[in-house]
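Per-entry structural report
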Amino acid sequence: MYSRVPSLSSKPDPLAVFGRIVPRDHALLALLAEHYLLSTDQITHAFFDNQRTAQRRLTILHRLDVLHRFGRSGAHGRYGSLLYTLGPVGLQLHPTSYHDPNGPGGKAPRSSLERAKRIAASGQVNHLLGVNQFFTDLLATARRADTVRLSRWWSEQHATIVYAQSGIRPDGHGVWTVGDTATGFFLEHDNDTENLARVVAKLRGYERLTTFGPRYPVLLWVPSRRREASLLGVLAGLRTASPIATAVHGPDPAGRVWTLVSDPTHRRYLHELPCDHGPDTITNPQRFDDL
């Protein structure tokens with residue numbers, strides 16, 4: 001018996017949105033899955049040539065339910081007025097994303113909106129934005145040069161899990177590659193809210209890590225010259241297997257801004273800091289060897 005093909009429904013195709021997500025969108029979603037949130041300015045610097053183009057694309061992704069967005073009045077300074085997280089479609093593409101910046105022990109959210117609410121309500125938002133600014137500034141530098149790239153960017157939770165045996169909790173971990181030189185590092189983003197003794201105590205975990213894993217420089221990224229001078233004074237003469245370097249918050253963390261505690265006579269570029277990727281053994285998980 002002959003039957004007609006059903007007429008087209010006016011209901012939108014729920015799968016059509018996936019065909020509208022371009023490679024740049026996928027790269028952004030991967031960052032939001034790992035790092036929770038990014039501001040308009042950070043996304044612009046990392047992926048776009050100008051803010052107007054970025055805002056237009058972000059508005060489209062928001063309307064397609066790829067992203068959630070929210071504002072935080074007067075709290076961010078250079079971080080921009082709107083903050084973006086994974087929306088319903090974004091979370092479908094990254095179902096195993098990190099869900100709670102206050103700790104990994106909670107239950108997975110029932111929806112992308114619940115995840116976004118956790119992030120927005122977290123006391124970690126401004127700290128996350130500060131850490132993410134450091135890395136998006138590196139991404140911006142990499143966009144302007146063919147021979148440099150941010151080869152790895154792990155969140156605090158990712159690095160903490162991988163190097164759990166050492167007990168480190170870096171604010172972030174990355175590998176910055178310039179030509180054939182790949183420099184791994186751990187970031188400690190400092191806002192002058194902890195006393196110096198506590199900052200120095202964090203270095204013990206990195207020393208434990210050097211006995212079986214990488215000897216990456218620990219970057220103390222501080223808000224002022226005064227804070228940097230205080231840290232360099234406390235750390236003077238301290239012998240560590242893991243290099244320690246300081247620099248003051250600024251828009252060019254890849255630049256000649258880093259002072260090694262072991263040699264404070266001049267400043268170095270990020271890729272000039274000493275780096276050892278560690279042994280190629282089971283004790284050094286996910287050793288970086290893309291050289």
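Here we summarise the structure given alongside this text. Since the structure is predicted, the reported quantities are computational estimates derived from the model, not experimental observations. (Residues numbered from 1 in each chain as written. Predicted model: local features only at pLDDT ≥ 70, side-chain atom pairs only at ≥ 80, totals over all residues. Heavy atoms only, no water.)

**A closer look at the overall build of the protein chain**
On a plain count of helices and strands, the protein chain comes out with 10 helices and 10 strands. On C-alpha atoms alone, the protein chain measures out to a radius of gyration of 21 Å, which is about the 19 Å that the 2.2 N^0.38 rule sets for 291 residues. In the protein chain, buried positions account for 49% of the 291 residues. Taking the contacts inside the protein chain whose residues are at least 6 apart along the sequence as the reference set, 63% of them involve residues at least 24 apart. Total accessible area computed for the protein chain in this model is approximately 14900 Å², and 52% of it derives from carbon and sulfur atoms. For the protein chain, the distance from the average site of its 34 positive side-chain charges to the average site of its 26 negative ones is 7 Å. (Helix = DSSP H or I, 4+ residues; strand = E, 2+ residues; numbered from the N terminus. Rg over C-alpha atoms; globule rule 2.2 N^0.38 Å. Buried < 20%, exposed > 50% of the residue type's maximum accessible area, 1.4 Å probe, protein only. Contact = heavy atoms within 4.5 Å. Areas by Shrake-Rupley, 256 points an atom, 1.4 Å probe, with all protein chains shown as cover. Lys, Arg positive; Asp, Glu negative; His and termini not counted. Charge placed at Lys NZ, Arg CZ, Asp CG, Glu CD.)

**A few points about helix α1 (residues 23-35)**
Compared with an ideal rise of 1.5 Å per residue, which puts 13 residues at 18 Å, α1 spans 18 Å between its outermost C-alpha atoms and is within 8% of the ideal. Among the residues trailing α1, Tyr-36 stands out with phi positive, at a value near 75°. (Expected span 1.5 Å × (residues − 1).)

**Points about the sheet that holds strand β1 (residues 38-39)**
Spatial ordering of the open sheet is given by β1-β3-β2, a layout of three strands whose pairing is antiparallel. A single partner strand is all that each edge strand has here, and the edge strands are β1 and β2 (67-71). By the bridge criterion, two bridges tie β1 to strand β3 (residues 82-86) in an arrangement that is antiparallel. Considered in β3, the bridge of Ser-39 is made with Leu-83. (Pairing = 2+ DSSP bridges.)

**Here's the deal with the packing of aromatic side chains**
Under the criterion given, the structure shown has 11 aromatic pairs. Measuring from ring centre to ring centre gives 5.7 Å for Tyr-163 and Phe-186, while their planes differ by 85°; the resulting arrangement is edge-to-face. Taken together, the positions of Tyr-163 in the loop between α7 (156-162) and β5 (172-178) and Phe-186 in strand β6 (residues 181-189) put the pair 23 residues apart, joining distant regions of the chain. For the pair Tyr-163 and Phe-186, one class covers both residues: buried. An angle of 50° between the planes, with centres 5.7 Å apart, marks the rings of Phe-186 and Tyr-216 as tilted. Of this pair, Phe-186 sits in strand β6 while Tyr-216 sits in the loop between α9 (203-209) and β7 (218-222), and the two are 30 residues apart along the sequence. Judged on exposure class, the residue Phe-186 and its partner Tyr-216 are both buried. Among the aromatic residues, ring-to-ring pairing joins Phe-134, Phe-135, Trp-153, Phe-185, Trp-221 and Trp-258 into one connected group. (Phe/Tyr/Trp six-rings, centres within 6.5 Å; stacked < 30°, edge-to-face > 60°.)

**Let's talk about the pairing of β5**
Two faces, one strand: in a regular strand the side chains alternate between the faces of the sheet. For β5, a buried count of seven out of seven residues is recorded, marking the element as mostly surrounded by other parts of the structure. Of the two faces of β5, the one holding Gly-172, Gly-174, Trp-176 and Val-178 and the one holding His-173, Val-175 and Thr-177 are both buried throughout. With seven bridges connecting them, strand β4 (residues 148-155) and β5 associate as antiparallel partners. What sits directly across from Arg-149, in β5, is Thr-177. Here β5 pairs with β6 via seven bridges, running antiparallel. From the neighbouring strand, Val-175 faces β6, where its bridge partner is Gly-184. In this antiparallel pair of consecutive strands, β5 and β6, the connection spans two residues, and Gly-179 shows a positive phi of 60°.

**A short note on the sheet that holds β7**
Either a parallel or an antiparallel arrangement is found when strands of a sheet pair, and the pairing is made through backbone hydrogen bonds. Across the sheet, which stays open at both edges, the seven strands sit in the order β4-β5-β6-β7-β8-β9-β10 with mixed pairing between neighbours. Strands with a single pairing partner mark the edges of an open sheet, and in this sheet they are β4 and β10 (263-268). Taking each pair of neighbouring strands and ignoring which way they run, the sheet shows an average axis angle of 30°. Here helix α10 (residues 225-235) sits on the sheet and contacts β7, β8 (244-248), β9 (258-260) and β10; the angle it forms with β8, its principal contact strand, is near 165°. (Axes fitted to C-alpha atoms, helices over the stretch in contact; angles between N-to-C directions.)

**Focus: the pattern of salt bridges**
Applying the stated rule across the entire model yields 14 salt bridges. A salt bridge links Arg-57 to Asp-25; the shortest N-O distance between them is 2.5 Å. Here the residue Arg-57 occupies a position in helix α3 (residues 51-63), and Asp-25 occupies one in helix α1, the gap between them amounting to 32 residues. Among the ionic pairs, Asp-190 bridges to Arg-227, the shortest N-O distance being 2.9 Å. Here the residue Asp-190 occupies a position in the loop between β6 and α8 (196-201), and Arg-227 occupies one in helix α10, the gap between them amounting to 37 residues. Among the ionic contacts, a cluster of salt bridges with common partners joins Glu-188, Glu-194, Arg-198 and Lys-202. (Salt bridge = Lys/Arg side-chain N within 4 Å of Asp/Glu carboxyl O.)

**Remarks on the side chain of His-35**
Considering the arrangement of structural elements, one finds His-35 in helix α1. For His-35, a relative accessible area of 4% gives the class buried. Here Trp-153 takes part through its side chain, which lies 3.5 Å from a polar atom of the side chain of His-35. When neighbours within four sequence positions are excluded, His-35 is seen to be in contact with Asn-132, Trp-153, Trp-154 and Ser-155. (Polar contact = N/O pair within 3.5 Å; in protein donor to acceptor, adjacent residues only side chain to side chain.)

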